[in-house]
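Below, each chain spelled out in residue letters.
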Amino acid sequence: MNSEPTNRLPANGRESSRIKERTRISSVAVVISALAFAVIRVFRGRAVALRIGAVSSLVFAAPALAQPAKISGQVRQAKSIQPVPNAQVRFEGAALAGRENSQSIRKANAQGRYTADLPAGTYDVWVSAPDFDEIKIVLSLAAGATVARNFELRPLPQSYAYKVETLPLPQQMVPEVSGVSFTPQGTLVITNRRGEVWRRDGVSRQWRRFADGLYEGFGLVALSEAEVLVVQRPELTRLKDTDGDGMADVYETVGDQWGITGNYHEFTYGLGRDSAGNCYFGSGMVSYGQGRELPWVRGPAKKDLYYPWTGKGPVPDGHRSIARYQGWVFQVSPAGGLTPFASGFRQPLGIGVSPQDELFVTDVSGAWVPTSTLMHVERGGFYGHPDPLKWHPDYQDRRLSIPELAALRRPPAAYLPRGLMGTSPGQPVWDLTRGKFGPYAGQMFLGDVSNLVMRVDLEKVAGAYQGAAFPFLRGHGLRLGGMHNAFGPDGALYLGQTVRGWMSTEGNEGIQRVSWTGVNPVDILTLRITEKGFALRFTEPMTAVAGEPAQYRVRRFQYNYHPLDGSLRLVETDVPVTAARPAADGSVVELELAELQPGFVYEFTVSEKVVSRGAGRPLLNATAYYTANRLLSGQTKPGPTKLIAASTGPLQKPDIRRGEEVFKLNCMVCHQADGKGSPQAGTPDYTAADSPLRRPEEELIATIMNGKAVTEGKIMPPFGNVLPAQSIHDVLAYVKATFLQPAEKR
């Protein structure tokens, strides 16, 4: 280790040698802390992101006993029937509202077998494994049911367009790589969570330690061969090699004017830098319960919740802004002035600055963050979590209600739905390789804590960014934890990987290199909104089958902005594709939808029958998610539905039996099988004395057809474009007959 004394240069009024000594001591503390707390909630489980396969709906009936349902089975390969070891079976539903992200995750054993005990309810069940196609079913379980259910996964085709390689590292390096950068001369520079900075010579490929003694470095920018900016937990630091021996001898504090604590779950994320030399990084919130997790605090502390929790049980998620500016993103000028730039972040894992000097940040799902997000961040913006507002000069003494918070919140440029789009997204980087990485010039790439790389194509609509997220590589030899990325001078994408403390990798952390083979991938290049639907541009001309509406499935859904831990997909429904108009050269197809409304995430799945004209290859990634915050007209709020189903004849007497089927398929996920509602979805208790079912028939029919506005974080979606009028009358009759007390039935 480098033990020579540093030069004593002024750093914000202090001596850099003192800073270095402090950070050396602190780096020991963080190692002990991380080992003591091996499970860290910032990263959400072990989900492997794979393409959605078959979707089915199963309902299992069982005696209504006051005990959990039991489900078990095996995950195996579709053709060989061989077991799929370590597959993940994820149950997500309103009945699990008290758990993290309303889900329960089971890992299959070496024989592919899993078992789970679950409360009665309706669940989305996602089954996934590395290098296999993800599948989803909808499952309803009654109390006391015993269900056997096997799952068969199809192997994913290996990408012919990209290859993944693992870089060799020196034995002396702990391979928990938490930051990747290249110097202007092309030297690879990394930092790790053990507080070191290493450089790899571009010619000899030899590694040499440049600096050590940092307190958990979590991002860096290599300015030159002799100067590196690195963000560590307590500060932004400038490292300099002033004597030319290849090792930093100056550790200079550039900025540290924010609070930190000794909490085991605390990180400072970064690092991005714009063309003017401004640096950007963020502070995550701490995991806080009874106060025992705060051995020390730098600066003032505010332990009270900004938005008081009045619900049952402990505060959901428990991530809190205890020290000054936790949950904020900062800008530091070249002169060292620190500006609290934007607020409302739970864990701003990924910090990236675009070629246009615009800041983008990823956040991970939890309380107030419905699912992982990618946000275009502007100065002074609020991005969702209210607890950091306690440090805002305009809001620290106010307590905004949920509707006020929702109005203040700036929506994500792209939602990244859990599952196919991973669990915890990392640093966004842009393809500026001029074709060395394939056909995606200018688009954004970001890794995930799972073995996934995502691609994002944004557009400006009515003055604000929104757009589509695609899986790019899933499995394919990728290891876990690739959350810090950089494109190299060779045109390859380098992924720094670390997940220590979050899940087991058996030592498989470090750096991987993703490079293009030169074979053009058959893929959706862009997905853009139009007046009546969306336009898909492909990387290659496609056959005439691409002009068939039946080859596309489009679903839309919303997320609920509320203080609970994550959100289920709400208002999820198919949107019919009424027309598909391919361009003459086969490279573009315009899809017209039966209805296009803002405020939804649109999920696209393209059939395997849509293939390229040349080699007849299907799409490498056939699923995409478009976040439609606004239409081309600028409209941001869903309007009255245009698709209220016309009755083929006069309404018949309501049929309670048919209404029960409608309820199971469309309503149970939010209202629950017992009608008592879900705090996760914000639905009322139909059995209560103040049941909304007491309201006039006309009002209830109108509510089902047209929905209700967002109020107190709760939404009632319109079903007039989903259900025929007869079905609406049937389901209303069913819920009244089932959930109102006999004397109250009408």
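The model shown is predicted, which means the values in this text are computed figures rather than measured ones.

**Comments concerning the nonpolar core**
For soluble globular proteins, the rule of thumb is that nonpolar side chains tend to be buried together.
So, step 1. In terms of nonpolar packing, the biggest core is built from 38 residues, with L527, F534, L536, Y552, Y602 and Y626 touching the most fellow members.
So, step 2. Ranked by residues supplied to this core, first place goes to strand β46 (residues 600–606) with four residues.
So, step 3. Counting residues in each nonpolar core, the second largest holds 25 residues, with V75, V89, V127 and F132 among its members.

**Digging into the pattern of salt bridges**
So, step 1. The final tally for this structure, using the stated rule, is 34 salt bridges.
So, step 2. Here K390 makes a salt bridge to D387, at a shortest N to O gap of 3.3 Å.
So, step 3. K390 gets classed as buried once you look at its relative accessible area, which sits at 2%.
So, step 4. Accessibility expressed as a relative area gives 1% for D387, which makes it buried.
So, step 5. Notably, a salt bridge pairs R555 with D574, separated by 3.0 Å at the nearest N-O pair.

**Here we look at the confidence of the model for the protein chain**
So, step 1. Confidence along the protein chain averages 85 in pLDDT terms, with 87% of residues attaining 70 or more.
So, step 2. For residues 1–65, every residue scores under 50 in pLDDT, and the model assigns this stretch 189 contacts once sequence neighbours within four places are set aside.

**Looking at the pairing of strand β44 (residues 577–582)**
So, step 1. Where β44 and strand β45 (residues 588–593) come together, five bridges link them in antiparallel fashion. Its bridge partner lying in β45, A580 is registered against L591.

**Some thoughts on helix α5 (residues 697–706)**
So, step 1. The complete set of buried residues in α5 reads L700, I701, I704 and M705. Across the axial projection of α5, the buried residues extend over an arc of 130 degrees, all falling on one side.

**Details of the pairing of strand β16 (residues 207–211)**
So, step 1. When you tally the buried positions in β16, you get four out of five residues, the bulk of the element.
So, step 2. Pairing of strand β15 (residues 197–200) with β16 involves four bridges; the strand directions are antiparallel. In the sheet register, W198 faces β16, and the bridge partner there is R209.

**Overview of the sheet that holds strand β19 (residues 235–240)**
Strands belonging to one sheet form pairs held by backbone hydrogen bonds; the direction of such a pair is parallel or antiparallel.
So, step 1. Reading across from one edge, β17-β18-β19-β20 is the order of the four strands in this open sheet, with antiparallel pairing throughout. Strands with a single pairing partner mark the edges of an open sheet, and in this sheet they are β17 (220–222) and β20 (250–255). Within this sheet the neighbouring strands show an average axis-to-axis angle of 20 degrees, counted without direction.
So, step 2. Bridge count for β17 against strand β18 (residues 227–232) is three bridges, and the pairing is antiparallel. The residue bridging L220 from the neighbouring strand is V230, located in β18.

**Comments concerning the sheet that holds strand β29 (residues 350–353)**
So, step 1. The sheet built from four strands is open, its strands ordered β29-β30-β31-β32 with antiparallel pairing. Across the chains shown, the open sheet's two edge strands, defined by having one partner strand only, are β29 and β32 (414–416). Between one strand axis and the next, the sheet turns through 20 degrees on average, direction left out of account.

**Thoughts on unusual backbone geometry**
So, step 1. A cis amide bond links G270 with the next residue in sequence, L271, at an omega value of 15 degrees.
So, step 2. Assignment of secondary structure puts L271 in strand β22 (residues 268–273).
So, step 3. In the Ramachandran plot, N86 falls in the positive-phi region, its phi being about 60 degrees despite a non-glycine side chain.
So, step 4. Here N86 is to be found in the loop between β4 (69–77) and β5 (88–92).
So, step 5. A relative accessible area of 45% places N86 in the partly exposed class.

The rules behind each value
- Residues numbered from 1 in each chain as written.
- Predicted model: local features only at pLDDT ≥ 70, side-chain atom pairs only at ≥ 80, totals over all residues.
- Heavy atoms only, no water.
- Core = buried A, V, L, I, M, F, W, Y, C linked by side-chain atoms within 4.5 Å.
- Buried < 20%, exposed > 50% of the residue type's maximum accessible area, 1.4 Å probe, protein only.
- Helix = DSSP H or I, 4+ residues; strand = E, 2+ residues; numbered from the N terminus.
- Salt bridge = Lys/Arg side-chain N within 4 Å of Asp/Glu carboxyl O.
- pLDDT = per-residue confidence, 0-100.
- Contact = heavy atoms within 4.5 Å.
- Pairing = 2+ DSSP bridges.
- Arc of directions from axis to C-beta.
- Axes fitted to C-alpha atoms, helices over the stretch in contact; angles between N-to-C directions.

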